[in-house]
Amino acid sequence: MMKRWQVMKRLLPMLAIFTLLLAGCGREDLSVLKPQGPVAQGQFDLIKLSISIMLVVLVIVFALAAFVLIKFRRRPGQTEMPEQVEGNFKLEVIWTVIPLVLVLVLAVPTVKEVFAFGEDHSNDDNAIKVKVTSHQYWWEFEYPQYDITTAQDLIIPTNRDIAFELKTMDVIHSFWVPSLSGKLDTNPDGTINKFSFSAPNEGVYLGKCAELCGPSHGFMEFKVKSVSQESFDQWVTAMKEPMVPIEDVALAETFKNQCLTCHAVGDQGGSSGPNLTGIGSRETVASILLNSDVAGEYTNPVEDNLKEWLIDPQSVKPGNKMPAPKDLGLTDDEINGIAEYLANYKLDY
Ligand code: HEC
Ligand SMILES: [Cu+2]
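Just so it is clear, the structure is predicted and the values come from calculations on it, not from any experiment.

Trainee: Can you walk me through the overall build of the protein chain in this structure?
Mentor: When you go through the protein chain residue by residue, the secondary structure sums to 8 helices and 14 strands. Compactness check: the protein chain gives a C-alpha radius of gyration of 28 Å against a globular reference of 20 Å for 349 residues, more than 25% above the reference. In terms of overall dimensions, the protein chain has a C-alpha envelope of 100 × 55 × 35 Å along the principal axes. Nonlocal contacts in the protein chain, meaning residues at least 24 apart in sequence, comprise 64% of its contacts between residues at least 6 apart. As displayed, the protein chain has an accessible area near 20600 Å², and 62% of this comes from carbon and sulfur atoms. A gap of 16 Å separates the mean positions of the 30 positive and 44 negative side-chain charges of the protein chain.

Trainee: Is there a simple way to explain the sheet that holds strand 1 (residues 128-135) in this structure?
Mentor: In sheet architecture, strand pairing relies on hydrogen bonds along the backbone and comes in two forms, parallel and antiparallel. Taken in spatial order, the 5 strands of this open sheet run 3-2-1-5-8, and their pairing is mixed. With one partner strand each, in any of the chains shown, strand 3 (148-151) and strand 8 (193-197) form the two edges of the open sheet. Across this sheet, the average inter-strand angle for adjacent strands is 25°, counted without regard to direction. Judged from the 5 bridges that link them, strand 5 (residues 162-168) and strand 8 form a sheet pairing that is antiparallel. Across the sheet, Phe 164 pairs through a bridge with Phe 195, a residue of strand 8.

Trainee: Looking at this structure, how should I read the domain arrangement of the protein chain?
Mentor: One widely used convention gives an interface's size as the accessible area the parts lose upon coming together. We note that the domain assignment places domain 1 (29-64 + 89-228) and domain 2 (249-343) within the protein chain. Computed from C-alpha atoms alone, the centre-to-centre distance between domain 1 and domain 2 is 31 Å. The interface of domain 1 with domain 2 comprises 17 residues on the first partner and 19 residues on the second. Both sides of the domain 1 and domain 2 interface together cover about 1500 Å² of buried area, and 52% of this is carbon and sulfur. Of all residues in domain 1, Trp 138, Gln 152 and Phe 219 give up the largest surface area on contact with domain 2, accounting jointly for 31% of the area buried on that side. Here domain 1 is connected to domain 2 by 1 salt bridge. Salt-bridge contacts for Lys 225 lead to Glu 283; the nearest nitrogen and oxygen are separated by 3.5 Å. If you look at where domain 1 meets domain 2, you find 8 residue pairs in polar contact (both at pLDDT 80 or more).

Trainee: So what exactly am I meant to see when it comes to the side chain of Asp 153 here?
Mentor: With respect to the secondary-structure elements, Asp 153 resides in strand 4 (residues 153-157). Although Asp 153 is buried, it forms no salt bridge, and the closest oppositely charged side chain is Arg 282 at an N-O distance of 5.1 Å. A polar contact of 2.9 Å, which involves the side chain of Asp 153, links it to the backbone nitrogen of Glu 283. Leaving out residues up to four positions away in the same chain, Asp 153 has contacts with Phe 141, Lys 223, Arg 282, Glu 283 and Thr 284.

Trainee: I'm lost on the nonpolar core in this one. Help?
Mentor: For soluble globular proteins, nonpolar side chains are generally found buried alongside one another. Residues Val 130, Phe 141, Tyr 143, Leu 154, Phe 164, Phe 175 and Trp 235 are the most contacted members of the largest nonpolar core, which totals 36 residues. Secondary structure elements with two or more residues in this core: strand 1, strand 2 (138-143), strand 4, strand 5, strand 8, strand 9 (203-209), strand 10 (221-227) and helix 4 (229-239). Of all the elements, helix 4 adds the most residues to this core, at 5 residues. Sequence-distant contacts of Val 130, that is, excluding residues within four places in its chain, are made with Phe 141, Glu 142, Tyr 143, Leu 154, Ile 162, Ala 163, Phe 164 and Glu 165. Leu 276, Leu 289, Tyr 341 and Tyr 345 belong to the second-largest nonpolar core, a separate cluster that totals 26 residues.

Trainee: I keep staring at the site of ligand 1 and nothing clicks. Help me out?
Mentor: Around ligand 1, the structure places 26 residues, and the nearest of them are Cys 259, Cys 262, His 263, Ala 286 and Met 322. One of the backbone N or O atoms of Tyr 137 is found 3.2 Å from an oxygen atom in ligand 1. Separating a nitrogen atom of ligand 1 from a side-chain N or O atom of Trp 309 is a distance of 3.4 Å. Comparing atom positions with the cavity grids shows ligand 1 to sit within the largest pocket. Among the elements that take part in the shell around ligand 1, helix 6 (residues 301-311) stands out by supplying 3 residues, more than any other. Partitioned by chemical class, the residues of the shell around ligand 1 number 17 nonpolar, 6 polar and 3 charged.

Calculation notes
Residues numbered from 1 in each chain as written. Chains lettered and ligands numbered in written order. Predicted model: local features only at pLDDT ≥ 70, side-chain atom pairs only at ≥ 80, totals over all residues. Heavy atoms only, no water. Helix = DSSP H or I, 4+ residues; strand = E, 2+ residues; numbered from the N terminus. Rg over C-alpha atoms; globule rule 2.2 N^0.38 Å. Contact = heavy atoms within 4.5 Å. Areas by Shrake-Rupley, 256 points an atom, 1.4 Å probe, with all protein chains shown as cover. Lys, Arg positive; Asp, Glu negative; His and termini not counted. Charge placed at Lys NZ, Arg CZ, Asp CG, Glu CD. Pairing = 2+ DSSP bridges. Axes fitted to C-alpha atoms, helices over the stretch in contact; angles between N-to-C directions. Domains from an automatic or database assignment. Buried area = accessible area lost by both parts, 1.4 Å probe. Salt bridge = Lys/Arg side-chain N within 4 Å of Asp/Glu carboxyl O. Polar contact = N/O pair within 3.5 Å; in protein donor to acceptor, adjacent residues only side chain to side chain. Buried < 20%, exposed > 50% of the residue type's maximum accessible area, 1.4 Å probe, protein only. Core = buried A, V, L, I, M, F, W, Y, C linked by side-chain atoms within 4.5 Å. Near = heavy atom within 4 Å. 1 Å grid on protein atoms, 1.4 Å probe; cavity = no way out; pocket = protein on both sides within 12 Å on 5 of 7 lines; lining within 4 Å. Sits in = over half its atoms within 2 Å of the grid points. Nonpolar A, V, L, I, M, F, W, Y, C, P; charged D, E, K, R; others polar.

In structure tokens:
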């Protein structure tokens, strides 16, 4: 007995350290524990309410169990059978009524909030409507009020209600920005799921697909960039500008024939791939190659990321639907030229 306690005493500090270390795991910006806005705050409050109730129940039940185990344990020399008690009306009423009350305390705010979060704000004139379409493995954002479409970075103005309508082009995905709101699925049966949230502070929030959708599911990220109303208006205007052409005529022709079949840039191109307008000022290339030069290693991170993507898209996101430019017949020079052009395609906002 003594020995075991000695071992435990040594293990305890180690366990404490591991607990602390593990608590630090996970990406900070993917945390529901730092809510940024009314919806996330409401959901966080529900989490706190349910955890507090569970903790109180846990402590009382464990304390009672420990008390009974110790107090009524079999003593040395005790041979007779203890008194057998069966049915106690008072006790049974108590342990039925208390849980009922607790469930009610949990249920009332939960049901109220859940329905409020799912409310359809798409007919609200003050709301900014965004139609979200999920694709294996990227997110498309259409703003019907402004007639613009973008991908990967969802730009929103602070303190405005954003009314979302979600759908998918292929399999089931789930739209999730942990610090702004809970998840909502995009369903293949054609239903359109709606919800809304707003972001009070300027900032970039990480979003993720939260429904296993294929080999590159883990790379299916997006960013929500919350900017001032003024910046947002500038961004909308810049998005509507006509395409900035490529100077080199031959390269422009290749780009048009090989890339604009799927991609749109400015007022030109197709829509089966992400819209590339202003890709030079985005947070990422293909949602997973970060353009921020955190380590200070790159002179032009966007261009490097674009090259990495264009040289071999499959190695960045296995199973994605973009053909390798080499297989489309592009030379290294053409790939580098297009990467440079796209990296410098920036929007002022
Ligand atoms: C058959 C359609 C198709 C063609 C042709 C095509 N792409 Fe793509 N492209 C895609 C799809 C789909 C994605 C999204 C891949 C993903 O993230 O899952 C993509 C992604 C991209 C991205 C990253 C987009 C972002 O939002 O960060 C870039 C850059 C890009 N393509 C450039 C090109 C260029 C340059 C060409 C021409 C050489 C080209 N694409 C040809 C379909 C296509
Ligand atoms: Cu997914």
